[in-house]
Amino acid sequence: MPTRLSNVRFASLIWILIVASARVCRAEDLNVLFVGNSYTYVNDLPHLLGAIANSLGDHVEAAMAAPGGFTWQQHAKNPDTQAMIRSRKWAFVVLQEQSQMPEFSSDVLERSVFPYALQLDQRIHEGNAEAKTVFFQTWGYQKGDQRNCPYQPEVCTYEGMQTRLSAAYVEIARRTQGVVAPVGTAWRLVRRSHPEWGLYQPDGSHPSLEGSYLAACVFYVTLF
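The numbering scheme is per chain: residues are counted from 1 as the chain's sequence reads. Only residues with pLDDT of at least 70 are given local features in this predicted model, and only at 80 or more are side-chain atom pairs given and counted; all residues enter the totals for whole chains, interfaces and linings. Calculated side-chain values reflect all of the structure's heavy atoms, with hydrogen atoms and water omitted.

Engineer: I'd love a proper account of the pattern of salt bridges, names of residues and values included.
Structural biologist: We count a salt bridge whenever a side-chain nitrogen from Lys or Arg sits within 4 Å of a carboxyl oxygen from Asp or Glu. Considering all chains together, one arrives at eight salt bridges under this definition. Between arginine 164 and glutamate 154 there is a salt bridge whose closest N-O contact spans 3.7 Å. One end of the pair, arginine 164, is in helix H7 (residues 158-176); the other, glutamate 154, is in the loop between strand E4 (132-136) and H7, with ten residues separating them in the sequence. Since its relative accessible area comes to 40%, glutamate 154 is described here as partly exposed. Between arginine 188 and glutamate 159 there is a salt bridge whose closest N-O contact spans 3.0 Å. Of the two residues, arginine 188 is situated in helix H8 (residues 183-193) and glutamate 159 in helix H7; the sequence distance between them amounts to 29 residues. Exposure remark for glutamate 159: the relative accessible area of 31% places this residue in the partly exposed category. If you follow the salt bridges from partner to partner, you end up with Glu110, Glu171, Arg174 and Arg175 in one network. By definition, any uninterrupted DSSP run of H or I lasting at least four residues is a helix, any uninterrupted run of E lasting at least two residues is a strand, and each is numbered from the N terminus. For every residue, the accessible area obtained with a 1.4 Å probe (protein chains only) is divided by the maximum for its type, and the residue is called buried under 20%, exposed over 50%, and partly exposed between those limits.

Right, here's the structure in full:
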């Protein structure tokens, strides 16, 4: 992993936001499990979160179950994911869906997305009633989802895709009484205010180090 961000202005601004949001109280220790896919493991998001927490006097012990391309349906049926959830009493378990699934129509969400989020949330609380489920609201593709554009016209643009992703994550958090980590919303704000900052890798989907750093900052503020 690179030792520093390529855009010093980006790092400085986000750092100011984090420090301004930090609590003035004793340090905290948290353990966090990330359940997701490549959006979580690229640039090692849990490690970035831990580094930010440590630099501010807190401590995060983070683990992840994040096979490439995994959906909530796959995680709900995966014994390794179930074992990770049961492995300890997590303070927070972060659920991140595959990048396109939450953008789909309402009937697809009700059939192939929401039921499996509910299953995972139930398993999180089976052995630990105090655990909190956090939903990792992801970002839209840099140029929208061109693959699904013919079937779901709203996602032809970044803005349309982001709107659908954000709404789906808010809805499932409402149903589970979970928390949304609004990473996608933060990306939208940065894209609008500083379009020159590169949040994406060349594929227009996965995060650059700056993008993962922004996500880690959002998670720090959300969890603490």
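Engineer: Talk me through the sheet that holds strand E5 (residues 179-181); I want residue IDs and the actual numbers.
Structural biologist: The strand order E2-E1-E3-E4-E5 describes an open sheet built from five strands, whose pairing is parallel. The strands lining the two open edges of the sheet, one partner per strand, are strand E2 (59-65) and E5. Ignoring which end each strand starts from, the neighbouring axes of this sheet average 25 degrees apart. Sheet topology note: the E4/E5 ladder contains three bridges and is parallel. Paired with valine 134 across the bridge in E5 is valine 179. Strands qualify as paired when DSSP identifies two bridges or more between them. For helices, the fitted axis covers only the stretch in contact; all axes are lines through C-alpha atoms, and the angles between them, taken along N-to-C directions, range from 0 to 180 degrees.

Engineer: Just give me the short version of the confidence of the model for the protein chain, but keep the residues and values in it.
Structural biologist: Taken as a whole, the protein chain shows an average pLDDT of 90; of its residues, 88% reach a score of 70 or greater. Scored between 0 and 100, pLDDT is the confidence that the predictor attaches to each residue. Contacts are residue-level and defined by heavy atoms, with any inter-residue pair within 4.5 Å sufficient. Contacts for the low-pLDDT stretch residues 1-6, under 50 throughout, to residues beyond four places or in other chains number twelve contacts.

Engineer: Which residues make up the environment of asparagine 37, and what values do they have?
Structural biologist: Here asparagine 37 is to be found in the loop between strand E1 (29-35) and helix H2 (38-41). With residues up to four places along the chain from it excluded, the contact list for asparagine 37 reads Ala66, Pro67, Gly68, Gly69, Phe70, Gln96, Glu97 and Gln98. What qualifies as a polar contact is a pair of N or O atoms within 3.5 Å, subject to a donor-acceptor requirement within protein and to the restriction that residues adjacent in sequence count only when both atoms come from side chains. Of the polar contacts made by the side chain of asparagine 37, one reaches the backbone oxygen of phenylalanine 70; its length is 2.9 Å.

Engineer: Report on helix H5 (residues 79-86), specifying residues and quantitative values.
Structural biologist: Here H5 has its buried residues at Thr81, Gln82 and Ile85. Considered in projection along H5, the buried side chains sweep an arc of 100 degrees and stay on one side of the axis. H5 presents Pro79 and Asp80 as exposed residues on the side facing more than 90 degrees away from its buried surface. Where H5 is buried, its residues contact E1, E2, helix H4 (72-77) and helix H6 (106-126). By arc we mean the arc of the directions from the helix axis to the C-beta atoms, nothing more.

Engineer: Talk me through the packing of aromatic side chains; I want residue IDs and the actual numbers.
Structural biologist: Note on ring pairs: Phe, Tyr and Trp rings are taken, using the six-membered ring of Trp, and paired if centres are within 6.5 Å. Classes follow the plane angle, with under 30 degrees stacked, over 60 edge-to-face and the rest tilted. In total, this model carries nine aromatic pairs according to the counting rule given. With a centroid separation of 5.0 Å and 90 degrees between ring planes, the pair formed by phenylalanine 136 and phenylalanine 219 is classed as edge-to-face. With phenylalanine 136 in strand E4 and phenylalanine 219 in helix H9 (residues 209-223), this pair connects stretches of sequence that are 83 residues apart. Of the two residues examined, phenylalanine 136 and phenylalanine 219, each falls in the buried class. One aromatic cluster is present, formed by Phe34, Tyr39, Phe136, Trp139, Trp187, Tyr200 and Phe219 through successive ring pairs. Whether a charge lies above a ring is judged from NZ of Lys or CZ of Arg, which has to be within 6 Å of the ring centre and within 35 degrees of the ring normal. Of note, arginine 88 hangs over the ring of tryptophan 90, and the distance from its end group to the ring centre comes to 5.3 Å. Taking the ring centre of tyrosine 158 as reference, the NZ or CZ of arginine 191 above it sits at 3.5 Å.

Engineer: Just give me the short version of the side chain of glutamate 97, but keep the residues and values in it.
Structural biologist: Its place among the elements puts glutamate 97 in the loop between strand E3 (92-95) and H6. In this tally Asp and Glu are treated as negative and Lys and Arg as positive; neither His nor the chain ends contributes. Summary of buried charges: glutamate 97 has no salt-bridge partner, and the nearest side chain of opposite charge, lysine 77, is 12 Å away. A polar side-chain atom of glutamate 97 sits 2.8 Å from the main-chain amide nitrogen of tryptophan 72. Leave out the neighbours within four places in its chain, and glutamate 97 touches Asn37, Phe70, Thr71, Trp72, Pro102, Val113 and Tyr169.

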